[in-house]
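Here are the chains, one letter per residue:
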Amino acid sequence: MSIHIQSKLPNVGTTIFTTMSALAAQHNAVNLGQGLPDYAMSKELIALVSKAMNDNYNQYAPMAGWMPLRESIAEKVQFLYNTTINPDTDITITPGGTYAIYSSLTTILQPGDEVIVFEPAYDSYVPNIEVNGGKAILLPLTIPDFRIDWQLVKQNISPKTKAIIINTPHNPTGAVLQESDIQELRKIVKGTNIFIISDEVYEHLIFDGIAHQSILRYPDLMERSFVCFSFGKVYHCTGWKLGYTIAPAALTKEFRKVHQFNCFSCFTPAQVALATFLKDKDSYLQLSPFLQEKRDYFIELMKETRFNLKSSSGSYFITASYERISDEGDADFAIRLTKEFGVATIPLSAFYQNSKDDKLLRFCFAKKNETLEAAAEKLVNL
């Protein structure tokens with residue numbers, strides 16, 4: 001007799017990232033699919049982690065996170081956004097940005113609650129909502145610039161709307177919210193009980209002199225928000241799985257109730273190291289020009305191909321149309337590209353629940369120059 005389990009996520013299978021990375025390995029393809037760098041992280045930060053371990057910071061950190069790290073984060077927020085955050089009551093260190101988003105949703109959702117999600121969307125959002133008994137209200141971003149249609153948002157607000165998820169810079173498209181978007185969001189939530197989950201893991205990877213429109217800039221939005229960040233994305237160490245959530249004290253109190261019975265606390269040596277490393281402002285201020293240079297180099301390399309690259313103002317990613325090459329569906333084309341031409345990407349349909357196919361692929365340009373060159377050399381042959 002086999003025991004029966006009723007799946008909480010019956011429509012979820014293996015993620016496209018796992019599938020495409022496995023395919024890339026199988027065919028020895030250049031992997032521009034998964035969002036991770038292939039270049040080294042800071043040697044100074046590595047040395048600080050090693051020092052912390054040698055100094056015996058190897059036991060549990062406090063549940064909310066190493067206080068000197070929370071203090072460094074608060075100082076950074078004050079410097080960047082002129083916003084005062086209480087490190088004791090408003091910041092919780094988490095095992096990665098995805099966990100921060102999941103725990104934020106788990107904190108607020110009751111069965112039947114609705115959450116507005118903009119598609120294409122990072123693939124954890126909808127499962128996070130559904131596993132908590134909520135319902136995702138899926139709204140499309142406008143093509144080709146991937147902007148939010150705020151009139152459509154207004155039309156989909158209901159008494160069941162519990163939260164709106166925003167993501168800037170945006171994964172998978174590299175789009176960023178503008179100040180006008182924030183003003184529209186303020187109007188929509190004013191006088192409501194709607195929460196905001198703000199995914200800002202690419203906070204420092206924003207290009208062309210554009211100012212990051214963090215929710216932390218806006219006190220009236222901050223009072224209803226969980227703002228989620230990632231050290232892994234910022235410091236080229238995605239395998240660390242370390243991030244944090246900033247929320248007002250009352251929301252953080254409830255967030256920590258969920259957090260303390262899940263992971264409880266995060267890897268201590270990295271927290272100790274980051275408490276020092278964050279005080280060096282250049283460690284995060286230089287990230288935008290560094291990644292912008294990679295974006296621009298990749299765009300230049302791709303001019304020799306038949307792909308049409310869309311704009312990207314932030315993140316690790318840029319999307320591209322292959323309309324001059326094939327009329328295949330994007331998933332089929334991405335698989336063939338990996339198998340026959342040796343370059344792995346992510347089909348944009350993977351970021352839609354209904355697999356909407358706009359014939360676009362997502363490329364990750366957070367790679368060594370030689371990796372980007374190797375990919376472009378293969379793509380020229382298409």
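Residues numbered from 1 in each chain as written. Predicted model: local features only at pLDDT ≥ 70, side-chain atom pairs only at ≥ 80, totals over all residues. Heavy atoms only, no water.

Caption draft 1: Region of the structure containing the pattern of salt bridges. This structure, assessed with the given rule, holds 16 salt bridges. In this structure, the salt-bridge partner of Asp358 is Lys356, at a minimum N-O distance of 2.7 Å. Residue Lys356 is classed as partly exposed on the basis of its relative accessible area of 30%. Each of Lys154, Glu184 and Lys187 takes part in one network of salt bridges that share partners. (Salt bridge = Lys/Arg side-chain N within 4 Å of Asp/Glu carboxyl O. Buried < 20%, exposed > 50% of the residue type's maximum accessible area, 1.4 Å probe, protein only.)

Caption draft 2: Spotlight on the packing of aromatic side chains. Overall, the coordinates contain 19 aromatic pairs when judged by the stated rule. Aromatic pair Tyr39 and Phe290: ring centres 5.4 Å apart, planes at 85°, arrangement edge-to-face. In this pair, Tyr39 is assigned in the loop between strand E1 (30–31) and helix H2 (43–54) and Phe290 in helix H13 (residues 287–302), connecting sequence segments 251 residues apart. Here Phe298 and Phe363 contribute two aromatic rings whose centre-to-centre distance is 5.6 Å and whose plane-to-plane angle is 50°, an arrangement assigned as tilted. (Phe/Tyr/Trp six-rings, centres within 6.5 Å; stacked < 30°, edge-to-face > 60°. Helix = DSSP H or I, 4+ residues; strand = E, 2+ residues; numbered from the N terminus.)

Caption draft 3: Layout of the sheet that holds strand E5 (residues 161–167). Here we have seven strands laid out as an open sheet, ordered E2-E8-E7-E6-E5-E3-E4, and mixed in their pairing. The open sheet has two edge strands with one neighbour each: strand E2 (91–94) and strand E4 (135–140). Ignoring which end each strand starts from, the neighbouring axes of this sheet average 20° apart. Those strands touched by helix H4 (residues 97–108) are E2, strand E3 (114–119), E5, strand E6 (195–199), strand E7 (225–230) and strand E8 (243–246), and its axis lies near 165° from that of E7. Packing against the sheet, helix H10 (residues 249–260) makes contact with E2, E6, E7 and E8, and its axis sits at approximately 25° to E2. (Pairing = 2+ DSSP bridges. Axes fitted to C-alpha atoms, helices over the stretch in contact; angles between N-to-C directions. Contact = heavy atoms within 4.5 Å.)

Caption draft 4: Fine view of unusual backbone geometry. The omega angle of the peptide bond from Ile143 to Pro144 is 10°, so this bond is cis rather than trans. Looking at the secondary structure, you find Pro144 in the loop between E4 and helix H6 (150–156). For the bond from Thr168 to Pro169, the omega torsion is -15°, close enough to zero to count as cis. Assignment of secondary structure puts Pro169 in the loop between E5 and helix H7 (179–189).

Caption draft 5: Region of the structure containing the sheet that holds strand E12 (residues 346–347). Read from one edge of the open sheet, four strands run E9-E10-E13-E12, paired in antiparallel fashion. Only two strands of the sheet have a single neighbouring strand rather than two, namely strand E9 (308–309) and E12. Two elements, E9 and strand E10 (residues 317–321), share two bridges in a ladder whose sense is antiparallel. Across the sheet, residue Asn308 finds its bridge partner in E10, namely Ser321. Helix H14 (residues 330–341) contacts E12 and strand E13 (360–364) of the sheet and is inclined by roughly 45° relative to E13.

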